[in-house]
Amino acid sequence: MSQVRKDGVTLYEKKDFEGMRKAGKTAAEVLDFITPYVQVGASTGELDDLCRNFIKEKGAISATIGYNGYKHASCISINHVICHGIPNHERKLADGDILNIDITVIVDGWFGDTSRMFYAGTPKIKTKRLCDVTYECTMRAIDIVKPGARLGDIGALIEGIAHKNGYSVVDMFCGHGLGRVFHDEPQVIHCGQKGTGPLIEEGMFFTIEPMINIGKRDGIILQDGWTAVTRDKSLSAQFEHSIGVTNDGCEIFTLSPKGYTKPPYKIG
């Protein structure tokens, strides 16, 4: 049986990894599926409808529909939206837009949570660079996850890469534990000091999902209660993976079955 530490972190058994693999793969398949539809002129509402239908066809459940009153199968965050952008049929993608699509599904009681960046049309050099650096932050942070490391190591590495490139790291949101629940301990802060924070142990499941801004790190939440935007209206980017800690490293549950990593994606 899984064990719960004093700090509330759940340590799962090896057999539980299979449930997370299935959920993570399904979430990644949703993003693979939606990729060719991310085009100039498409509305975020249309993209969300497609995601919703695909999730249903896969026999999975959208974790976000009904979550605290949320009504959509995805969050779609464009340009200066940090996260939790609400899809709608009026907002159509324009040439040069960048966007994050965030998907969480439930498969046999297990939660798979992932997001990627996308380009609509041709990105500007500065937006492509932001996405590239954000992807680097995410994947290099995942590379250092192993038993005996500290969660603060993750944040320190991400912050170091971001600052080296002249960017800031959003600190009002963080990664989180998951498994048979959507949000759980631990909180995975994307900035901090190496050697600090809770101990990483085999059997931990959590997300790493840094949000990196071209401008200052400060954000505000709009009156809809969901949409978070950069206070200075600077561009923001994010990638997210769900991972499980193994005896000598970690396993990424949400890798793309089609091999998509960062935009631009070679479709087909």
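Basis of the calculations
Residues numbered from 1 in each chain as written. Predicted model: local features only at pLDDT ≥ 70, side-chain atom pairs only at ≥ 80, totals over all residues. Heavy atoms only, no water. Helix = DSSP H or I, 4+ residues; strand = E, 2+ residues; numbered from the N terminus. Rg over C-alpha atoms; globule rule 2.2 N^0.38 Å. Buried < 20%, exposed > 50% of the residue type's maximum accessible area, 1.4 Å probe, protein only. Contact = heavy atoms within 4.5 Å. Lys, Arg positive; Asp, Glu negative; His and termini not counted. Charge placed at Lys NZ, Arg CZ, Asp CG, Glu CD. Polar contact = N/O pair within 3.5 Å; in protein donor to acceptor, adjacent residues only side chain to side chain. Salt bridge = Lys/Arg side-chain N within 4 Å of Asp/Glu carboxyl O.

Colleague: How do you make sense of the overall build of the protein chain when you look at a structure like this?
Modeller: Broken down by element type, the protein chain carries four helices and 17 strands. A compact globule built from 268 residues should have a C-alpha radius of gyration of about 18 Å, and the protein chain, at 17 Å, falls within 12% of that. Residues counted as buried form 55% of the 268 residues belonging to the protein chain. Excluding contacts between residues fewer than 6 apart, the proportion of contacts in the protein chain whose partners are at least 24 apart in sequence is 71%. Between the centroid of the 31 positive side chains of the protein chain and the centroid of its 33 negative side chains there is a distance of 4 Å.

Colleague: What is the right way to read the side chain of Gln238 from this model?
Modeller: For Gln238, the position within the fold is in strand S15 (residues 236–238). A polar contact of 3.2 Å, which involves the side chain of Gln238, links it to the side chain of Glu209. Dropping the residues within four chain positions of it, Gln238 is found in contact with Ile82, Cys83, Asn100, Ser115, Arg116, Met117, Thr134, Glu209, Pro210 and Met211.

Colleague: I'm lost on the pattern of salt bridges in this one. Help?
Modeller: Any two side chains of opposite charge can pair, so long as their charged atoms come close to each other. For the structure on display, the rule yields 14 salt bridges. Salt-bridge contacts for Arg21 lead to Glu251; the nearest nitrogen and oxygen are separated by 2.6 Å. Of this pair, Arg21 sits in helix H1 (residues 16–34) while Glu251 sits in strand S17 (residues 250–252), placing them 230 residues apart in sequence. Since its relative accessible area comes to 21%, Glu251 is described here as partly exposed. Across the salt bridge formed by Arg52 and Asp48, the nearest N and O atoms sit 3.8 Å from each other. Taken as a pair, Arg52 and Asp48 lie in helix H2 (residues 44–57) at a separation of four residues, close to a single helical turn. Judged by relative accessible area, which is 31%, Arg52 ranks as partly exposed. Within the structure, one salt-bridge network assembled from shared partners comprises Arg5, Asp7 and Glu201.

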